[in-house]
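Notes for the structure review
If you want the building blocks of each chain, they are given just below.
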Amino acid sequence: KMVLLHQQKVDIISKNIPKAKTYGKSTGDLLVLGWGGTHGAIRSAVESAQELGYNVAHLHLRYLNPLPANLGSILLKYNNVLIPELNLGQLSMLIRSKFLIDAISLNKVEGKPFNSNEILSEIKKIIKVTN
């Protein structure tokens, strides 16, 4: 009973956190989803990809539990979702299980941050394969 009560409280909180917003078009070939310290590298890579004419957008999560209430509907508007993470892919696993989306993981566990070229290279690969 206490677990259910706790979940009800989390669900109430999810209604009060800001809705997720994308940087770029609201639909497209690829959404790059990130959180934490990946923001700068992802945003720079997405801006470069957009300048090259790719239909790609960025969404950076500020809340992970609960996730923004509108996240699921946003994810469905893109053909692919790329999740660059500086770990073994915990967010990717969460997104896959919660929203049943075949998210593509880009993991880096080297104690170094991503640079935008690493992410841009992956964006190009994904869009090239799917188009």
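Keep in mind it's a predicted model, so treat the numbers as computed, not measured. (Residues numbered from 1 in each chain as written. Predicted model: local features only at pLDDT ≥ 70, side-chain atom pairs only at ≥ 80, totals over all residues. Heavy atoms only, no water.)

**Comments concerning the nonpolar core**
What counts, and what does not: Throughout, nonpolar core names a set of buried Ala, Val, Leu, Ile, Met, Phe, Trp, Tyr and Cys residues whose side chains join them through atoms within 4.5 Å. Only protein chains enter the calculation, and the probe is 1.4 Å; a residue is then buried if its accessible area is under 20% of its type maximum, exposed if over 50%, and partly exposed in between. We count a stretch as a helix when DSSP gives it H or I for four or more residues in a row; a strand needs E for two or more, and each element gets its number in order from the N terminus.
Grouped together as the largest cluster of nonpolar side chains are 17 residues, with contacts concentrated most on Leu33, Leu59, Leu71, Leu75 and Ile95. Of all elements in the fold, only β1 (28–35), β2 (56–61), α3 (71–75), β3 (78–85) and α4 (90–99) reach the threshold of two or more residues within this core.

**Description of α4**
Under the convention used in this document: Throughout, the arc means the angular range of directions from the helix axis out to the C-beta atoms.
Taken as a whole, α4 has its buried residues at Leu91, Ser92 and Ile95. Across the axial projection of α4, the buried residues extend over an arc of 100°, all falling on one side. Those residues of α4 that are exposed and angled more than 90 degrees off the buried face are Met93 and Ser97. Positive backbone phi, at 55°, marks Leu100, one or two positions downstream of α4.

**Some points on the pairing of β1**
Heads up, the rule is: Here, a strand pair is defined by DSSP locating no fewer than two bridges between the strands. Note on handedness: a clockwise path from strand one over the helix to strand two, with the strands aimed away from the viewer, defines a right-handed crossover.
For β1, a buried count of 7 out of 8 residues is recorded, marking the element as mostly surrounded by other parts of the structure. Examined bridge by bridge, β1 and β3 share 4 bridges and lie parallel to one another. Bridge pairing links Leu30 to Asn80 in β3. Bridge count for β1 against β2 is 6 bridges, and the pairing is parallel. By the bridge assignment for β2, Gly34 is matched with His60. Once you follow β1 into helix α2 (residues 39–51) and on to β2, the crossover reads as right-handed.

**With respect to the pairing of strand β4 (residues 104–107)**
Across 4 bridges, the pairing between β3 and β4 is parallel. Paired with Ile83 across the bridge in β4 is Ser105. In this region the chain leaves β3, passes through α4 and returns to the parallel neighbour β4; the handedness of that crossover is right-handed.

**Looking at the packing of aromatic side chains**
Each aromatic ring pair is summarised here by two numbers: the centre-to-centre distance and the angle between the ring planes. Threshold: The criterion for an aromatic pair is that two Phe, Tyr or Trp rings (for Trp, the six-membered ring) have centres within 6.5 Å, with stacked assigned to planes under 30 degrees apart, edge-to-face to planes over 60 apart and tilted to the rest. Charge-over-ring placement is defined geometrically: NZ (Lys) or CZ (Arg) within 6 Å of the ring centre, and within 35 degrees of the ring normal.
Considering all chains together, one arrives at 0 aromatic pairs under this definition. Its guanidinium or amino end placed over the ring of Tyr23, Arg43 lies 3.9 Å from that ring's centre, counting from NZ or CZ.

**Quick word on the side chain of Ser92**
What counts, and what does not: Two residues form a contact once any of their heavy atoms are found within 4.5 Å.
Structurally, Ser92 can be placed in helix α4. Taking the relative accessible area as the measure of exposure, Ser92 reaches 1% and is therefore buried. If we ignore the near neighbours within four places in the chain, the residues touching Ser92 are Ile83, Glu85, Ala103 and Ser105.

**Here we look at α2**
Condition: Expected span of a helix, by definition, is 1.5 Å for each gap between consecutive residues, and there is one gap fewer than residues.
Its 13 residues place the ends of α2 18 Å apart at the C-alpha level, agreeing with the 18 Å of an ideal helix rising 1.5 Å per residue. Gly53 sits one or two residues past α2 and shows a positive phi near 95°.

**Here's the deal with the sheet that holds β3**
Put simply, the rule reads: The axes are straight lines fitted to the C-alpha atoms, using for helices just the contacting stretch, and the angles between their N-to-C directions are given from 0 to 180°.
Strand order across the open sheet formed by 4 strands is β2-β1-β3-β4, with parallel pairing between neighbours. One side of each edge strand has no neighbouring strand; the edge strands of this open sheet are β2 and β4. Averaged over all adjacent pairs, the angle separating strand axes in this sheet is 25°, with direction ignored.

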